[in-house]
Amino acid sequence: MEGYLMRFTLILCITYATASSNQTCQPHQQSIYMREMLMGCWTDFVREDKAEVHILKLIWDKVIKIIAIFTLNLNVSKPVILIIASSEKASGLYQLSKEVKVYANNFQITLFGNEHQNNTYKDEVPHQNEELVKWAVQKFGGVTSFTTVKYLRQIMLTEAQGTKSGSLSCVLQNEDVAQKHFLKIEADPEGIKSCTLKPQNTGHDEVHVINIPEDSTVRNVSLLVKTQGTSLFLRGPQGTTWTFLGTEHLKLGSNNDIHLLQVQVKFKPPKYTGTLRGDKAEDVQKMALEYFKVNYFTSYSEVTLNASTIFLVIGNQHNLSEGSPTAKVITEKSMIPITTNAPNQMPLTIQLYSSPDYCIPLDPETRLQTNKRIYAEISGNTIGGVSLTLKVNRCIMCSKASTSVKKELPFILEACSRGVCNNSARLSFSLDQLQEATSTTWDIQCSIDLCYNENCVYAGEVWRNLEVMQSCQPMDQPCFDFGLPGVLGIAFGGFLIGVLLIGALWFIKIKTGYPSGLDMRSTAAGFPGCPCSRAKRQRSSNPSPSDSSANASIGSTQSTPPAAWHKLIVGYTSRATITPMSS
C-alpha cells in the first residue's frame, strides 16, 4: 500500500513540475509582437515621371559580430529610385527590373547582380539622416519614404503603391516600419529576443512580458501599443522609465516609473508583492503570471539593445490596421457610438440615455425627438488604472445632408460623483433647434480635454451619428408660478387701468358735452347754498324769440340720448328738490 502511495505522490510531483515548466519559455527567436521603432518618414511625393523615391538607411553594430550581407528583391513594374546608405561596409545581392534605379554609397556599399547593371549607380550618398534627405531632395526633387533597418537580411519591394496621403515633405520621426505595406523586410533579431507559449490562448486578452536585464544600458523606453485591452508586465533596472506614446486601454504591472506622455505625469502602478526576484526569464514570467492571476502569457521579450533610449511598438505585425496606432472598432451597423482613431489620441466613447439616471442606454438606431432632453456620457480608456478627468469643451451638430451646415450645441454638465464618473463626463442637451431643420441625420461632435489635477491636454474628439425625428407635439412651455408679489402687481395694474378708463371718459365728457338733462347743475337747483343756480334757471325760463329759434335749430342737430342716459336723468330728477320760481 505504501508503494502505491509513493508512486501516486511521485506522479503528482512530475505532473506539477511539467505543468509549471509549460508556463514558461526561453527567448531565442525574433518577436512577432514587439519591434523597435526607428527614424523614418512616409509621404505622397511622386516625380513627374511617376517614379517613387525611397531611401533605405542600414545600421550595423560594430560590437556585434555580423557579416553585413543583404539581399535586394526589386522586381517591380513601377518606376522606382532606391537610395541606400549604410553605417558600416556592407555587400548586397540584387535582383531588379529595368524600371528600378539604385543609388548607393561608393565607399560603404558593394552591389552584385547579373541583370540591369547599368541601373546601379555609385554616388557620394551622405550617411547622416538629415543630410541624406536634403541630398535626395536636391537630386530627385523629393522623398517618398525614408526607412531605417538594423541588421538587414532581405528586403523586397512590392507592387503596392509606395505613397501615403499627407505631407509632401519628409519629416523624420520614430515610426513602425510594419505599416509600410509596400516593403517586406527580414532582419536579424539582435537586441530583442522573444518566445511564446504554445498553444496560444486566443480567447483571452493579450498578456505581454518585457524584461530589461540588469546589465543592459537601456533606461528610457517609449512604447506604442497597437492592441486594445492588453496587459503589460514591465521589468527593468532601477531608474528605468517606461513612457507611453498613446493612451490605450491597458493593464499594467511594473517595478519602475510609468510616464504618460500626453498629461506629463509619472506614476507607479501597484507593485508585485510575491517572493520572486531577479531578471531571469523564468522568474520574470512567473512574476507576470502571479501579478495578473493568469495561467498564460502571449509573449515574453528580452531587450538588450545597445542604447540608453529606445522606442518599441507592441502588436502583431501580421494583423495591423493601417494608419492608426489605436485599434479601430468595425461594426456592421451604420450607427456607431464612437470613433476617435487619430494618432496619439485617447480612445473616447459617447453613449446616449433618455433619462438622468443613466441606467438604460439608447439603441444607436433610435430616432431622437426634438422636444425631448437627451443625456450623454463620454468616457475614455486610460492606462494603469490612473484616475483622470474628462473636460468637455465644445459640441457641434453637423448635417449629413450638407457638410456646410453646422450648429453649436448648447449643453449642461450633469453632476456626477468622482467614483461613478471616473474617466468620464456626463452632460445633457436638447435638439429643439433642429425642429425646423430639413435634414434628419446629424453627427454630434464634442471636443475633449484630458486632465490630471490641474494639468489638461487635448485628448481628441468624439462623435456619434443621430437620427432626428421632428416632434408633432408642441414644445413643452414653461409654467409661470405667480406668487404674492405677482398677484399684487396684477391687482395694482388693474386699478391703474380703471383709473385711466375713468379719466378717458371724463375727458370725452368735457370735450363733447352732454344734453341739458345730463348737466350736473340741474341736480343742484334746489340745494341750499346754490343761489346762482336759481338765478340762471330764472333767466332761462323766459327765452326770447330769437333764442327759441336758435335753440330749435341747435336741438335739431343733437342726437337723442340713449335709454341708459334717460334712466340716469330720471334718477337724478327724482332725487332733486324743485323749488317754485318767485315772481
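Definitions and cut-offs
Counting from 1, residues in each chain are numbered in the order their sequence is written. pLDDT decides what is reported in this predicted model: residues at 70 or higher carry local features, side-chain atom pairs at 80 or more are listed and counted, and totals for whole chains, interfaces and linings draw on all residues regardless. In computing side-chain properties, one takes all heavy atoms of the structure into account and sets aside hydrogens as well as water. In this description a helix means any DSSP run of H or I spanning at least four residues, a strand means any run of E spanning at least two, and both kinds are numbered starting from the N terminus. Burial here depends on accessible area, computed with a 1.4 Å probe over protein chains only, as a share of the maximum for the residue type. Under 20% is buried, over 50% is exposed, and the range in between is partly exposed. Any two residues having at least one pair of non-hydrogen atoms within 4.5 Å are treated as being in contact. Method for areas: the Shrake-Rupley scheme with a 1.4 Å probe, in which residue coverage is limited to the protein chains shown. Strand pairing is assigned whenever DSSP detects at least two bridges linking the two strands. Throughout, an axis means a line fitted to C-alpha atoms (over the contacting stretch in the case of helices), and angles, computed between N-to-C directions, take values from 0 to 180 degrees. In this text, buried Ala, Val, Leu, Ile, Met, Phe, Trp, Tyr and Cys residues form a nonpolar core when linked through side-chain atoms within 4.5 Å. Given a helix with a known number of residues, its expected span is that number minus one, times 1.5 Å. Stacked, edge-to-face and tilted labels apply to pairs of Phe, Tyr and Trp rings (six-membered ring for Trp) whose centres lie within 6.5 Å, assigned for plane angles under 30 degrees, over 60, and everything in between, in that order. We call a charge positioned over a ring when the NZ of a Lys or the CZ of an Arg lies within 6 Å of the ring centre and within 35 degrees of the ring normal. Within the patch definition used here, like charges are joined within 9 Å and nonpolar side chains (Val, Leu, Ile, Met, Phe, Trp, Tyr) within 5 Å, considering only residues with over 30% relative accessible area and no salt bridge. When a carboxyl oxygen of Asp or Glu is within 4 Å of a side-chain nitrogen of Lys or Arg, the pair counts as a salt bridge. Two cysteine sulfur atoms make up a disulfide if the distance between them is within 2.5 Å.

1. Quick word on the overall build of the chain
- When helices and strands are counted, the chain shows 7 helices and 32 strands.
- Per-residue burial over the chain gives 41% buried out of 583 residues.
- Within the chain, counting contacts between residues at least 6 apart in sequence, those at least 24 apart form 66% of the total.
- In the structure as shown, the chain presents an accessible area of about 33,400 Å², 56% of it carried by carbon and sulfur atoms.

2. Some words on the sheet that holds strand β13 (residues 183-187)
- With mixed pairing, 5 strands are arranged side by side in an open sheet as β8-β6-β4-β11-β13. In the strand order of this sheet, the two ends are held by β8 (109-112) and β13, each with one partner. Each adjacent strand pair in this sheet contributes to an overall mean axis angle of 15°, direction not counted.
- Pairing of strand β11 (residues 152-157) with β13 involves 5 bridges; the strand directions are antiparallel. Each bridged residue has a counterpart across the sheet, and for I155 the counterpart in β13 is I185.

3. As for the nonpolar core
- Counting 29 residues, the largest nonpolar core has L352, I378 and F429 as the members making the most contacts within it.
- Mapped by element, the contributors of at least two residues to this core are β24 (348-353), β26 (373-380), β27 (389-399), β30 (424-430), β31 (441-452) and β32 (455-469).
- Setting aside its immediate chain neighbours within four residues, F429 contacts L352, K372, R373, I374, A376, L409, P410, F411 and I444.
- Within the second largest apolar cluster, 28 residues are counted, among which are F70, L72, V100 and L152.

4. Structural notes on helix α4 (residues 484-512)
- If you check α4, its first and last C-alpha atoms are 42 Å apart, about what 29 residues at 1.5 Å a residue would give, namely 42 Å.
- The buried fraction of α4 amounts to 0 of the 29 residues, a small share that puts the element mostly on the outside.

5. Notes on the pairing of β11
- Inspection of the sheet shows strand β4 (residues 69-74) paired to β11 by 3 bridges, in the parallel sense. Bridge pairing links T71 to Q154 in β11.

6. Re the packing of aromatic side chains
- According to the stated counting rule, one finds 8 aromatic pairs in the structure shown.
- An angle of 15° between the planes, with centres 4.7 Å apart, marks the rings of Y103 and Y121 as stacked. Here Y103 is found in strand β7 (residues 100-105), whereas its partner Y121 is found in strand β9 (residues 120-123), with 18 residues between them in sequence.
- Between Y291 and F292, the aromatic rings sit 5.1 Å apart at their centres with planes inclined by 90°, giving edge-to-face as the arrangement.
- Using a relative accessible area of 18% as the deciding quantity, one classes Y291 as buried.
- Here a set of aromatic residues connected by ring pairs shows up, and it is made of Y103, Y121, W135 and F140.
- Its guanidinium or amino end placed over the ring of Y358, R426 lies 4.2 Å from that ring's centre, counting from NZ or CZ.
- The positively charged end of K509 is found above the aromatic ring belonging to W506, 5.1 Å away from the centroid.

7. Overview of a nonpolar patch on the surface
- Taken together, the side chains of F492, F495, L496 and V499 make up a nonpolar region of the molecular surface, amounting to roughly 400 Å² of accessible area.
- Relative to the helices and strands, V499 resides in helix α4.
- For V499, a relative accessible area of 43% puts it in the partly exposed group.

8. Here's the deal with the sheet that holds strand β17 (residues 230-235)
- Taken together, 5 strands build an open sheet; the order of strands is β14-β22-β15-β17-β19 and the sheet is mixed. Looking at strand neighbours, the two that pair on one side only are β14 (192-195) and β19 (250-254), the edges of this open sheet. The mean inter-strand angle of the sheet, taken between neighbouring strand axes irrespective of direction, is 15°.
- With 4 bridges joining them, β14 and strand β22 (residues 299-303) adopt antiparallel strand pairing. Of the residues in β22, the one forming a bridge with S194 is S301.

9. Comments concerning the state of the cysteines
- This structure, assessed with the given rule, holds 3 disulfides.
- Disulfide partner of C41: C170, at an S-S distance of 1.9 Å. Measuring the twist about the S-S bond at about -105°, one finds the C41-C170 disulfide to be left-handed. Of this pair, C41 sits in strand β2 (residues 38-42) while C170 sits in the loop between β11 and β12 (173-175), and the two are 129 residues apart along the sequence. Like C41, the residue C170 is buried in the burial classification.
- The disulfide that involves C395 links it to C446, with 2.1 Å between the sulfurs. One quick way to see it: the torsion about the S-S bond of C395 and C446 is about 110°, and its sign makes the bridge right-handed. Residue C395 is located in strand β27, and its partner C446 is located in strand β31; the two are separated by 51 residues in the primary sequence. Each member of the pair, C395 as well as C446, carries the same accessibility label: buried.

10. Remarks on the pairing of β19
- The buried count for β19 comes to 4 of 5 residues, which makes it a mostly enclosed element.
- Note that β17 and β19 share 5 bridges and pair parallel. Across the sheet, residue T230 finds its bridge partner in β19, namely L250.

11. Thoughts on the environment of G162
- You can see G162 is positioned in the loop between β11 and β12.
- With relative accessibility at 0%, the residue G162 sits in the buried group.
- Considering only alpha carbons, one finds G162 and V80, 82 residues apart in sequence, at a separation of 9.4 Å.
- Not counting residues up to four positions away in its chain, the partners in contact with G162 are W42, T43, E52, H54, K78, T144 and F182.

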